[in-house]
Amino acid sequence: MANKSVFFNPLSKDNPVLVQILGICSVLAVTAKLEPALVMGLSVIAVLAFSNVIISLIRNTIPTNIRIIVQLVVVAGLVVTVSQLLEAYAYDVSKQLSVFIGLIITNCILMGRLEAFAMANRPWPSFLDGVGNGLGYTIILVIVAFFRELLGSGTLFGYQVVPQCFYEAGYVNNGLMILPPMALITVACIIWVHRSLNKDLQDK
Amino acid sequence: MDNLNLFIRSIFVDNMIFAYFLGMCSFIAVSKNVKTAFGLGIAVTFMLTITLPINYLLNTYVLSPGALTWLGPEYADVDLSFLSLIVFIAVIASMTQLVEMVVEKYAPALYSQLGIFLPLIAVNCAILGGSLFMQQRDFTSVGTALCAGAGWGIGWLLAITAVAAIRERVAQYSNVPAPLRGVGITFIITALMGIAFMSFLGIKL
């Protein structure tokens, strides 16, 4: 029972981006196109799930005073592994993402979940929590990237979606959608929809 | 003169929040009232100001290609730059732990207010971002790194204080649609201020 809610809560009711407000920087940075957003999401799921498990396994041996350094070393090791794997098997995407894969280390979702969940729970729930939160993050990333790529470049996954005749009729891509401020406004709109559906999340 | 120029540019033109959107998580969460926001801003400024020169020294004398030449000519070919991410984050994390202990001991009120966000300074992208920008832009002296770090920190402080002040007024006087209250409207405020700060882009001192 508890495991189930640990896994499903982060998808909507306790979403890391919409409700916990973690990991915003990368949402702004990688969502101009769909493909990097999806790869980024998968990388975060992998790193988050395994770092949660590792920290949960050694949680009783970490001295409280140096826990941040221990957590960061674990995360950094995993991130280096993921970036090496991407370079080996998905070179083009890893080139697009280069800096941002490194910046997974400073993705607040990781530290937030490690501090709030893995430090106090057993490995299996921690693994589910990691996958659930990673999925919740990926969903938001993909939604934001979908709208930004569609409205900003008229493409999805690099293929043109807006028909040529629209452009001939005078339709113009909205260049503003490519800029980071519009990612903020897109996220704000998603929050708006999400909170109108979940009234208990609204601020008084 | 160049350092002063860089300092001013780091505050306004290269503002960490409004130009690069770094350090957003703690920015959104802690900007509810001006007092806490100011406290976190000071902490971030302090961290940027001390970690940037340290990372600059490490980068120049240990990490970048040929940096180990001072050990002897046979080390001239050593290139340790692939380690830079881990070294930077280790410096930042240990400094954060230090600051956390000091704040806990001497300012318990501030400590309880900042809560989980004090440890999160270690993963504040603004601080790692500062070090990565420093590496990318080939700063030429410790002074330059110090000025840039202080400038970015003060820019962050300025941004979070300004947005916190706006949020306080919005919460008091305006009728925001219920689902947008709190976080939603903060995103929109930040986005609009980001667009406004784009007008600083062309400025040269």
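Calculation notes
Residues numbered from 1 in each chain as written. Chains lettered and ligands numbered in written order. Predicted model: local features only at pLDDT ≥ 70, side-chain atom pairs only at ≥ 80, totals over all residues. Heavy atoms only, no water. Helix = DSSP H or I, 4+ residues; strand = E, 2+ residues; numbered from the N terminus. Areas by Shrake-Rupley, 256 points an atom, 1.4 Å probe, with all protein chains shown as cover. Lys, Arg positive; Asp, Glu negative; His and termini not counted. Charge placed at Lys NZ, Arg CZ, Asp CG, Glu CD. Core = buried A, V, L, I, M, F, W, Y, C linked by side-chain atoms within 4.5 Å. Buried < 20%, exposed > 50% of the residue type's maximum accessible area, 1.4 Å probe, protein only. Contact = heavy atoms within 4.5 Å. Salt bridge = Lys/Arg side-chain N within 4 Å of Asp/Glu carboxyl O. Buried area = accessible area lost by both parts, 1.4 Å probe. Polar contact = N/O pair within 3.5 Å; in protein donor to acceptor, adjacent residues only side chain to side chain. Axes fitted to C-alpha atoms, helices over the stretch in contact; angles between N-to-C directions. Parallel < 35°, antiparallel > 145°, perpendicular 65-115°, else oblique. Left-handed = near helix turned anticlockwise from the far one by under 90°. Nonpolar A, V, L, I, M, F, W, Y, C, P; charged D, E, K, R; others polar. Phe/Tyr/Trp six-rings, centres within 6.5 Å; stacked < 30°, edge-to-face > 60°.

## Some remarks on the overall build of chain B
Thinking step 1. Looking only at helices and strands, one finds nine helices and zero strands in chain B.
Thinking step 2. Helices (α) and strands (β) of chain B occur, in sequence order from the N terminus, as α-α-α-α-α-α-α-α-α.
Thinking step 3. Once the C-alpha set of chain B is aligned to its principal axes, its extents read approximately 70 × 45 × 30 Å.
Thinking step 4. Put simply, chain B shows about 9,000 Å² of open surface, and 69% of that area lies on carbon and sulfur atoms.
Thinking step 5. Chain B carries 9 positive and 9 negative side-chain charges, and their two centres are separated by 22 Å.

## Digging into the nonpolar core
Thinking step 1. Among the nonpolar cores identified, the biggest contains 106 residues, and Met24(B), Phe27(B), Trp156(B) and Phe187(B) are the most heavily contacted of them.
Thinking step 2. With sequence-adjacent residues up to four places away left out, Met24(B) is seen in contact with Ile24(A), Cys25(A), Leu28(A), Leu184(A), Ile17(B) and Thr190(B).

## What to know about the pattern of salt bridges
Thinking step 1. Within this structure, the stated rule accounts for five salt bridges over all chains.
Thinking step 2. We note a salt bridge from Arg67(A) to Glu115(A), for which the minimum N-O separation is 2.7 Å. Taken together, the residues span a long stretch of sequence, with Arg67(A) in helix 4 (residues 67-89) and Glu115(A) in helix 6 (residues 108-116) at a distance of 48 residues.
Thinking step 3. Taking the relative accessible area as the measure of exposure, Arg67(A) reaches 12% and is therefore buried.
Thinking step 4. Linking Asp129(A) and Arg113(A) is a salt bridge whose minimum nitrogen-to-oxygen distance equals 3.0 Å. In this pair, Asp129(A) sits in helix 7 (residues 123-153) while Arg113(A) sits in helix 6, placing the two residues 16 residues apart along the sequence.
Thinking step 5. Through salt bridges with shared partners, a single network forms among Arg67(A), Glu115(A) and Glu100(B).

## Considerations on the interface of chain B and chain A
Thinking step 1. Taken together, the contact pairs 36 residues of chain B with 37 residues of chain A.
Thinking step 2. Buried surface at the junction of chain B and chain A, summed over both partners, amounts to about 3,400 Å²; 83% is from carbon and sulfur atoms.
Thinking step 3. Counting every contact that joins chain B to chain A gives one salt bridge.
Thinking step 4. Scanning the region where chain B abuts chain A turns up zero residue pairs in polar contact (both at pLDDT 80 or more).
Thinking step 5. Among the secondary structure elements, those contributing two or more residues to the side of chain B that touches chain A are helix 2 (24-30), helix 4 (84-106), helix 6 (117-120), helix 7 (125-136) and helix 9 (183-197) of chain B.
Thinking step 6. Here the element with the most residues in the side of chain B that touches chain A is helix 4 of chain B; it accounts for eight residues.

## Here we look at the side chain of Thr31(A)
All names here are of chain A.
Thinking step 1. Looking at the element boundaries, Thr31 is found in the loop between helix 2 (24-30) and helix 3 (34-57).
Thinking step 2. For Thr31, a relative accessible area of 0% corresponds to the buried category.
Thinking step 3. Within the structure, the side chain of Thr31 is placed 2.7 Å from the side chain of Arg148, a separation counted as a polar contact.
Thinking step 4. With near-sequence residues (within four places) excluded, Thr31 lies in contact with Leu141, Val144, Ala145, Arg148 and Ala183.

## Structural notes on the packing of helix 7 of chain A against helix 9 (residues 180-197) of chain A
Residues and elements named next belong to chain A.
Thinking step 1. Packing of helix 7 against helix 9 leaves a shortest axis separation of 10 Å and a crossing angle of 125°. By the angle between their axes, helix 7 is oblique relative to helix 9. Considering the relative orientation of helix 7 and helix 9, their crossing is right-handed. Across the interface between the two elements, Ile143, Val144, Phe147 and Arg148 from helix 7 touch Pro180, Ala183, Thr186, Val187 and Ile190 from helix 9.
Thinking step 2. The residue makeup of the contact of helix 7 with helix 9, split by class, is seven nonpolar, one polar and one charged.

## Observations regarding the side chain of Ser31(B)
All names here are of chain B.
Thinking step 1. Mapped onto the elements of the fold, Ser31 is located in the loop between helix 2 and helix 3 (34-63).
Thinking step 2. According to the relative accessible area criterion, Ser31 is buried, its value standing at 0%.
Thinking step 3. Of the polar contacts made by the side chain of Ser31, one reaches the backbone oxygen of Phe27; its length is 2.9 Å.
Thinking step 4. Within the local environment of Ser31, its side chain forms a polar contact with the backbone oxygen of Ile28, the two atoms lying 3.4 Å apart.
Thinking step 5. Discounting residues that sit within four places of it in the chain, Ser31 has contacts with Ala37, Ile160, Val163, Ala164, Arg167 and Thr186.

## Let's talk about the environment of Gly130(B)
Residues and elements named next belong to chain B.
Thinking step 1. By the element assignment, Gly130 lies in helix 7.
Thinking step 2. A sequence separation of 43 residues divides Gly130 from Tyr173, and the C-alpha atoms of the two residues are 36 Å apart.
Thinking step 3. Discounting chain neighbours no more than four positions away, the residues touching Gly130 are Met16, Leu48, Leu52, Cys125 and Trp152.

## Section: the packing of aromatic side chains
Thinking step 1. Counted according to the given criterion, the structure contains 11 aromatic pairs over all chains.
Thinking step 2. Measuring from ring centre to ring centre gives 5.7 Å for Tyr167(A) and Tyr171(A), while their planes differ by 65°; the resulting arrangement is edge-to-face.
Thinking step 3. The class for Tyr167(A) is partly exposed, based on a relative accessible area of 24%.
Thinking step 4. Here Tyr171(A) falls in the partly exposed class, since its relative accessible area comes to 31%.
Thinking step 5. Both rings, one in Phe27(B) and one in Trp156(B), keep their centres 6.3 Å apart while their planes meet at 75°; by these two values the pair is edge-to-face. Of this pair, Phe27(B) sits in helix 2 while Trp156(B) sits in helix 8 (residues 142-173), placing them 129 residues apart in sequence.
Thinking step 6. Judged by its relative accessible area of 0%, Phe27(B) falls in the buried class.

## Some remarks on the packing of helix 3 of chain A against helix 7 of chain A
Residue and element names in this part refer to chain A.
Thinking step 1. As a packed pair, helix 3 and helix 7 sit with axes 8 Å apart at the nearest point and diverge in direction by 165°. As the angle between them shows, helix 3 and helix 7 are arranged roughly antiparallel. For helix 3 against helix 7, the interelement crossing comes out right-handed.
Thinking step 2. The residue inventory of the contact of helix 3 with helix 7, partitioned by class, reads 20 nonpolar, eight polar and two charged.

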